[in-house]
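Structure at a glance
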Amino acid sequence: MARGPRTYTRPVEVAVPYVLVVVALIAGAIAAPGFLSSNHLSSMGQTAAYVGIIAIGQTLVLLLGGIDLSVPYTINLAAVLLAGFEADGMSSTRNVVTVLAIGLGIGLVNGLGVALLDINPLVMTLGMNSILQGVSLIYTHGSPVGQAPMGVTTVSTGWWNGHIPWVDVLWIALTVAITLVLGFTTFGRAIYAVGSNRRASELGGMPVRRTMIVAYALSGLAAALGGLLLVGYSGQAYLGMGDEFLLPAIAVVVIGGTSIFGGKGSYLQTVAGALLITVIESILVTVNVDEAGQDIMYGAIILAMAYVGQVAISGTGLRAGALGARLGPLRGWLQPVPSREEVAAAPDLAERPGDSSS
Amino acid sequence: MSAHRDSWQKRRLPRWAVPFAWQRAYTAAALVVALFMVYLIKNGSFGTIEALGITNAALPLALAAAGETFVILTNGIDLSIGSVITLSNVSCAVMAAHGHGSLAVVAALAIGAGAGLANGLIVSYLRIAPLIATLATSSIYVGIALIVLPTPGGSVPVWLSSWTSSEIGAFPVAAIWLAVALVVGWLLLRRTPFGVNLQALGGSESAAWSAGINVTRTRIGVYVASGLCSGLAGVVLAGLTQSGDPTIGAVYLLDGIAAVVVGGTSLAGGVGTIAGSILGAIALSLVSSVLLVSGLSTNYQYIVTGLIVIGALLVHSLQGKLGLRSARREPVAAEGAAG
């Protein structure tokens, strides 16, 4: 098997979101002078890193065909716990490790529920989110105390060589690690296999349940890490600080082109998704679009990228309606005709009936 | 029918337990009764004020959950219910503040249905997965709501608040609306072609298509129904709070889905009832009241809710095993035959 990584993703699918990032950067440069200044670039890089790191877990879980809705309060609990432990005056290293371990444990419980008890991931993580919200409230009695430890603040807001934010260095390291894990390890391949077809993976002797448990555990860990970074960013913890990351964590994965049905995508695409959404939001802020306009643009971008990704390029929407047919030439250019094996593996690619009946 | 009964007898399920294996909504009903008993015991009395508090909290959630049930029954999901509630709520309050009372209500409902229609069209014609499509439109609707009303404000006509939050005799109006929603939901799901079609669609899309059901039209209709229900919830909230608030809907998204799950609707589609979701919503609204009268901090509310949601799903899967695979699909067939 010395064939190099199998990411199950065509290069064009990874390239498209990055091309769009470049286009967005150029658009930003036209809209505002100084958009490409190193200060502004690194501040955008910083913003993208938080959501990008949080989305690591969501990428793994979505690749499995699952979903993790417990991200907001895993973030929040990690944040209030870290600040609270600091206020109790314990060693910072120990606190960070403890909080990350708690995040891992939360993910582990999610994974056990989903994999062993066969609880629908949406419900399991939704319930978990509610439980964690309660735990956060009870721990803080409604008003979190404490501050971020020095080290975490440095990683979160500090600069390496005065130009590159430490958090981006961390993000790049994690990106390399996750990409290697997904592409080269049995665990990574198992994620794609389980996401593509769980039953076939079981029959093929793959450790399906173990893969799922580990993926959810890593999702909890990533969210907890995000919580630490956010508390480092804002200096202290507050309740509800994770809420605004629920939808973006899913959105950046989808904008990158990873399928929510599992088995298709990569973390590199999520990175592009995080960069793209950050650059576009930054442009909107630069040209004085208010929060309402940003929300609307945000939704429109998700819709557009989902349409481009699902229908025009990846071809899962081959049976699409008029608009898809019009993009036919483009699709043929970008996508090889499905081979006989591919059709055999997914019969609905070839013969699923359309909806234009009656 | 007889085949099912035979297999039960083989498993020696006690007679009283049979309906519980059939109807997942009974779990939600049992939960409501249990929570209510605890409430009665702890509180000692139950008067109009208590009833008002519980039903007023439950009504908007029940409406949102009922709408979500339609979508989940077709194996989809609508993540925009919270935003549609917000949009309808602020539209109603702003128009009413400009002196168009009843027009505001009609317009808010139309806006809800229109938002649902947009969801349905996107899901059906652009072929974007419902989770993503409604996630995106959710953001768009919140944006529009913020344009309509950036900060809480507006007002509603007096009759609207008396229609939602007053009582007739000792009976809260909201309880009557809950009963109406229950009956209308049941009729729509079990006694109309639309209801039967949408359940068929949730059971198996290709089978529904083969049976000549207009899958596209049914799916669009489902999202319109969800939007309309959320619109109604927004109007009810406007009546209850007597104003509009551009952040009011956010909590109803996850709570609405939780109520549907507690009510026994399967996220895989095809199995579920509106009544279950409404009972689930009442149960979830009861949790905080029960904690309050028990002298526990309402901070525990979230933990209890989370445990109830996960626990309910486990009970439902147990029910599914007891009721056997064939029984899972049964409610459609049996109701169809009875009708």
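Every chain is numbered independently, its residues counted from 1 as its sequence is written. The order in which chains are written sets their letters, starting at A; the order in which ligands are written sets their numbers, starting at 1. In keeping with the model being predicted, local features are shown solely for residues with a pLDDT of at least 70 and side-chain atom pairs are shown and tallied solely at 80 or more, while totals for entire chains, interfaces and linings include all residues. Note that water and hydrogens are dropped before the side-chain values are worked out from all heavy atoms of the structure.

It is worth spelling out the overall build of chain A at this point. By definition, any uninterrupted DSSP run of H or I lasting at least four residues is a helix, any uninterrupted run of E lasting at least two residues is a strand, and each is numbered from the N terminus. Within chain A one finds 17 helices and two strands. Throughout, exposure labels follow a simple rule: accessible area from a 1.4 Å probe, protein chains only, divided by the maximum for the residue type, with under 20% read as buried, over 50% as exposed, and the rest as partly exposed. For chain A, the proportion of its 358 residues judged to be buried stands at 51%. By definition, residues are in contact when any of their heavy atoms lie within 4.5 Å. Put simply, of all contacts in chain A between residues at least 6 apart along the chain, 74% involve residues at least 24 apart. Here chain A has roughly 15200 Å² of accessible surface; of this, 66% comes from carbon and sulfur atoms. Accessibility throughout is a Shrake-Rupley quantity obtained with a 1.4 Å probe, and a residue counts as covered only by protein chains that appear here.

A word on the packing of aromatic side chains. Residues and elements named next belong to chain B. What counts as a ring pair is set by centres within 6.5 Å for rings of Phe, Tyr and Trp (its six-membered ring), and what kind of pair is set by the plane angle: stacked under 30 degrees, edge-to-face over 60, tilted for all other angles. Within the structure shown, the criterion is met by six aromatic pairs over all chains. On the numbers, 6.2 Å between centres and 35° between planes, the contact of Trp 163 with Trp 177 is tilted. Separated by 14 residues along the polypeptide, Trp 163 in helix α8 (residues 158–165) and Trp 177 in helix α9 (residues 173–190) bring together distant segments of the chain. The exposure class assigned to Trp 177 is partly exposed, which follows from its relative accessible area of 34%.

With that settled, consider the packing of α9(B) against helix α10 (residues 193–203) of chain B. Each pair of packed helices can be described by the angle between their axes along with the distance between the axes. Residue and element names in this part refer to chain B. Note on method: axes are straight lines fitted to C-alpha atoms, helices fitted across the in-contact stretch only, with angles between N-to-C directions ranging 0 to 180 degrees. Packing of α9 against α10 leaves a shortest axis separation of 5 Å and a crossing angle of 70°. Looking at the two axes, α9 sits roughly perpendicular to α10. Contacts from Leu 188, Leu 189 and Arg 190 of α9 reach α10 at Phe 194, Gly 195, Val 196, Leu 198 and Gln 199. Note on residue classes: Ala, Val, Leu, Ile, Met, Phe, Trp, Tyr, Cys and Pro are nonpolar, Asp, Glu, Lys and Arg are charged, and everything else, Gly too, is polar. Classifying every residue of the contact of α9 with α10 gives five nonpolar, two polar and one charged. Roughly parallel means an angle under 35 degrees; roughly antiparallel means over 145; roughly perpendicular covers 65 to 115; every other angle is labelled oblique.

Let's shift gears to the interface of chain A and chain B. Tallying the contact residues gives 48 residues for chain A and 43 residues for chain B. Summed over both partners, the interface of chain A with chain B comes to about 3900 Å²; 75% of that surface belongs to carbon and sulfur atoms. Each salt bridge in this description consists of a side-chain nitrogen of Lys or Arg and a carboxyl oxygen of Asp or Glu lying within 4 Å of one another. Here chain A and chain B share zero salt bridges between them. Whenever two N or O atoms come within 3.5 Å, that pair is a polar contact, provided that in protein one can donate a hydrogen and the other can accept it, and provided that, for residues adjacent in sequence, both atoms are side-chain atoms. Where chain A packs against chain B, one counts two residue pairs in polar contact (both at pLDDT 80 or more). Take the side of chain A that touches chain B: its biggest share by element is 14 residues, from helix α5 (residues 121–140) of chain A. Per-class residue counts for the side of chain A that touches chain B are 31 nonpolar, twelve polar and five charged. A simple way to read buried area is as the amount of 1.4 Å-probe accessible surface that goes missing from two parts once joined, with both sides added.

Attention now moves to α5(A). Two residues of an α-helix separated by three or four positions point the same way, owing to the 3.6 residues in each turn. Residue and element names in this part refer to chain A. Taking 1.5 Å per residue, 20 residues should reach 28 Å; α5 reaches 28 Å between its end C-alpha atoms and fits that length. The buried fraction of α5 amounts to 17 of the 20 residues, a majority that puts the element mostly inside the structure. Of the residues that open α5, the one with a side-chain oxygen 2.8 Å from the backbone nitrogen of Leu 122 is Asn 120. To estimate the expected span of a helix, count its residues, drop one, and scale the result by 1.5 Å.

Below, the discussion takes up the packing of helix α3 (residues 71–87) of chain A against α5(A). All names here are of chain A. At a closest axis distance of 8 Å, the pairing of α3 and α5 adopts a crossing angle of 20°. Considered as vectors, α3 and α5 are oriented roughly parallel to each other. Where α3 crosses over α5, the two elements pack in a sense that is left-handed. Taking contact as the criterion, the partners of Pro 72, Tyr 73, Thr 74, Asn 76, Leu 77, Val 80, Leu 81, Gly 84 and Phe 85 in α3 are, on α5, Asn 129, Leu 132, Gln 133, Val 135, Ser 136, Tyr 139 and Thr 140. Handedness of each helix crossing follows the sense of rotation of the near helix against the far helix: counterclockwise by less than a right angle gives left-handed, clockwise gives right-handed.

Turning our attention to the side chain of A:Asn95. Along the chain, A:Asn95 falls in helix α4 (residues 92–115). Apart from residues no more than four positions distant in its own chain, A:Asn95 is found in contact with A:Leu82, A:Phe85, A:Glu86 and A:Met90.

Another aspect to go through is the confidence of the model for chain B. Residue and element names in this part refer to chain B. A score from 0 to 100, pLDDT tells how confident the predictor is in each residue. This prediction gives chain B a mean pLDDT of 84; 88% of its residues lie at or above 70. Confidence drops under pLDDT 50 across residues 325–339; counting only partners more than four residues distant or on other chains, this segment forms 21 contacts. The ipTM for the predicted assembly is 0.83, set against a pTM of 0.84.

So, about helix α8 (residues 186–196) of chain A. Here α8(A) has its buried residues at A:Phe187, A:Gly188, A:Ala190, A:Ile191, A:Tyr192, A:Val194 and A:Gly195. Buried-residue contacts for α8(A) involve α2 (38–63), α7 (166–184), α9 (198–203) and α10 (208–234) of chain A.

What follows concerns the pattern of salt bridges. All names here are of chain B. Applying the stated criterion across every chain yields a total of four salt bridges over all chains. The salt bridge involving Glu 205 is made with Arg 219; its shortest N-O contact spans 3.2 Å. Pair noted here: Glu 205 is in helix α11 (residues 205–210) and Arg 219 is in helix α12 (residues 215–241), with a separation of 14 residues, a long-range link. Residue class for Arg 219 comes out buried when judged on its relative accessible area of 11%.

Residue and element names in this part refer to chain B. Together, Trp 159, Trp 163, Ile 168, Phe 171, Ile 176, Trp 177, Val 180 and Val 184 make up a nonpolar patch on the protein surface, roughly 760 Å² of accessible area in all. Looking at the nonpolar patch, the elements with two or more residues in it are α8 and α9. By the secondary structure assignment, Trp 159 is in helix α8. A patch is a set of surface residues, each over 30% in relative accessible area and not in a salt bridge, joined within 9 Å for like charges and within 5 Å for the nonpolar side chains Val, Leu, Ile, Met, Phe, Trp and Tyr.

Residues and elements named next belong to chain A. Taken residue by residue, chain A gives an average pLDDT of 82. The fraction at 70 or more is 84%. A low-confidence stretch, residues 316–339 stays under pLDDT 50, and its non-local contacts, those more than four residues away or across chains, total 30 contacts. Contacts for the low-pLDDT stretch residues 349–358, under 50 throughout, to residues beyond four places or in other chains number 19 contacts.

This brings us to the side chain of A:Thr140. All names here are of chain A. Along the chain, the position of Thr 140 falls in helix α5. Residue classification places Thr 140 among the buried positions, given a relative accessible area of 8%. Side-chain polar atoms of Thr 140 contact the backbone oxygen of Leu 137, separated by 3.4 Å.

Residue and element names in this part refer to chain A. Note that Leu 100 resides in helix α4. C-alpha separation for the pair Leu 100 and Leu 284, spaced 184 residues apart in sequence, amounts to 35 Å. In this structure, Leu 100 is in contact with Leu 221, Ala 224, Leu 225 and Leu 228, ignoring residues within four places of it in sequence.

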